Amino acid sequence: MELFGYPLSTIYLGSFIVFGCITFVYILFGDMLDAAMEFLHPALILSFFTIGSASGYLLEVMTGINSWFNLVFSCLLSILLVTLLNVFVLTPIRSAEESLAYRDEDLKGRVGTVITSVPADGFGEILIEGISGRISKTAISMDNKPIQQGEKILIIDIQKGVVSVMRYEQVEQTYFH
């Protein structure tokens, strides 16, 4: 069968190449575009056309079945595979991505442990443990007093990824008594 003067297999192959390239570019730069659609995500639409054109091309070239049947079968197969992609891949990725994110401002007031001693006028490293895992951050002493490895600290401030900390015992004595 021909459409617009071209064999249907050529149209399927051309569509597959075009939509495959657009899908690849979207995967690379999709976060910058950040589409607002929830259910009809651009990745799903592009995947539908890519899978549909690929299966249509394969059916046209490898079988002698009617072209209309190939088109309907390709659309149904594409709907099935895109639905499975959405349910088992994209939806879990979206929900997992949101739950593990934290902002630096969220660390203020948290208690951690020094893993590399913090000198009076230098940098050390602290470890903050939480439900979602462990966070390691560069730290400086808030009051320019050295803090030894293994001591508990309280995060007071954070600027440019570096946390300002005080000994936890010192904060307890100063503010809670």
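Residues numbered from 1 in each chain as written. Predicted model: local features only at pLDDT ≥ 70, side-chain atom pairs only at ≥ 80, totals over all residues. Heavy atoms only, no water.

**With respect to the overall build of the protein chain**
Turning to step 1, where the next piece is worked out: Each helix and strand in the protein chain was counted, giving four helices and seven strands.
Turning to step 2, where the next piece is worked out: Walking the protein chain from its N terminus toward its C terminus, one meets helices and strands in the order β-β-α-α-α-β-β-β-β-β-α.
Turning to step 3, where the next piece is worked out: A total of 177 residues make up the protein chain; the buried ones form 29% of that total.
Turning to step 4, where the next piece is worked out: Approximately 11800 Å² of the protein chain is accessible, and the part contributed by carbon and sulfur atoms is 66%. (Helix = DSSP H or I, 4+ residues; strand = E, 2+ residues; numbered from the N terminus. Buried < 20%, exposed > 50% of the residue type's maximum accessible area, 1.4 Å probe, protein only. Areas by Shrake-Rupley, 256 points an atom, 1.4 Å probe, with all protein chains shown as cover.)

**Description of a nonpolar patch on the surface**
Turning to step 1, where the next piece is worked out: On the surface, a cluster of nonpolar side chains totalling about 630 Å² of accessible area is made up of Leu-80, Leu-81, Leu-84, Val-87, Phe-88, Val-89 and Ile-93.
Turning to step 2, where the next piece is worked out: Following the sequence through the fold, Leu-81 ends up in helix α3 (residues 67-99).
Turning to step 3, where the next piece is worked out: Among the residues examined, Leu-81 registers a relative accessible area of 36% and is labelled partly exposed. (Patch = residues over 30% accessible without salt bridge, like charges linked within 9 Å, V, L, I, M, F, W, Y side chains within 5 Å. Salt bridge = Lys/Arg side-chain N within 4 Å of Asp/Glu carboxyl O.)

**Remarks on the packing of aromatic side chains**
Turning to step 1, where the next piece is worked out: Within this structure, the stated rule accounts for three aromatic pairs.
Turning to step 2, where the next piece is worked out: An angle of 20 degrees between the planes, with centres 4.9 Å apart, marks the rings of Phe-19 and Phe-49 as stacked. In this pair, Phe-19 sits in helix α1 (residues 8-33) while Phe-49 sits in helix α2 (residues 42-62), placing the two residues 30 residues apart along the sequence.
Turning to step 3, where the next piece is worked out: Note on Phe-19: relative accessible area 24%, which makes it partly exposed.
Turning to step 4, where the next piece is worked out: Ring geometry for Phe-48 against Phe-49: centres 5.3 Å apart, planes inclined by 75 degrees, an arrangement best described as edge-to-face. (Phe/Tyr/Trp six-rings, centres within 6.5 Å; stacked < 30°, edge-to-face > 60°.)

**A closer look at the environment of Leu-127**
Turning to step 1, where the next piece is worked out: Structurally, the position occupied by Leu-127 is in strand β4 (residues 124-130).
Turning to step 2, where the next piece is worked out: Separated by 14 residues in sequence, Leu-127 and Thr-113 place their C-alpha atoms 5.3 Å apart.

**Points about the confidence of the model for the protein chain**
Turning to step 1, where the next piece is worked out: Averaged over every residue, the pLDDT of the protein chain is 82; residues scoring 70 or more account for 84%.
Turning to step 2, where the next piece is worked out: For the protein chain, per-element mean pLDDT is lowest for helix α4 (residues 168-175), which scores 68, and highest for strand β3 (residues 111-116), which scores 91. (pLDDT = per-residue confidence, 0-100.)

**Brief notes about the sheet that holds strand β5 (residues 133-141)**
Turning to step 1, where the next piece is worked out: Reading around the circumference, β3-β4-β5-β7-β6 is the order of the five strands in this closed barrel, with mixed pairing throughout. In this sheet, neighbouring strand axes are inclined to one another by 55 degrees on average, regardless of whether the strands run parallel or antiparallel. (Pairing = 2+ DSSP bridges. Axes fitted to C-alpha atoms, helices over the stretch in contact; angles between N-to-C directions.)

**Re the nonpolar core**
Turning to step 1, where the next piece is worked out: If you look at the biggest cluster of nonpolar residues, it comprises 13 residues, and the most contacted ones within it are Ile-126, Ile-153, Ile-155, Val-163 and Val-165.
Turning to step 2, where the next piece is worked out: Listed by contribution, the elements that provide at least two residues to this core are β4, β5, β6 (152-159) and β7 (162-167).
Turning to step 3, where the next piece is worked out: Among the elements that line this core, the one with the most residues is β6, at three residues.
Turning to step 4, where the next piece is worked out: Ignoring any residue separated from it by four or fewer positions in sequence, one finds Val-163 in contact with Ile-126, Lys-137, Thr-138, Ala-139, Ile-140, Ile-155, Asp-157 and Ile-158.
Turning to step 5, where the next piece is worked out: Core analysis: the second largest hydrophobic core is formed by six residues, Tyr-26, Ala-43, Leu-44 and Val-82 among them. (Core = buried A, V, L, I, M, F, W, Y, C linked by side-chain atoms within 4.5 Å. Contact = heavy atoms within 4.5 Å.)

**Thoughts on the pairing of β7**
Turning to step 1, where the next piece is worked out: Most of β7 sits inside the fold, with five of its six residues counted as buried.
Turning to step 2, where the next piece is worked out: Pairing between β5 and β7: four bridges, direction parallel. Of the residues in β7, the one forming a bridge with Ser-141 is Val-165.
Turning to step 3, where the next piece is worked out: The sheet contact formed by β6 and β7 spans six bridges and is antiparallel. Across the sheet, residue Gln-159 finds its bridge partner in β7, namely Val-162.

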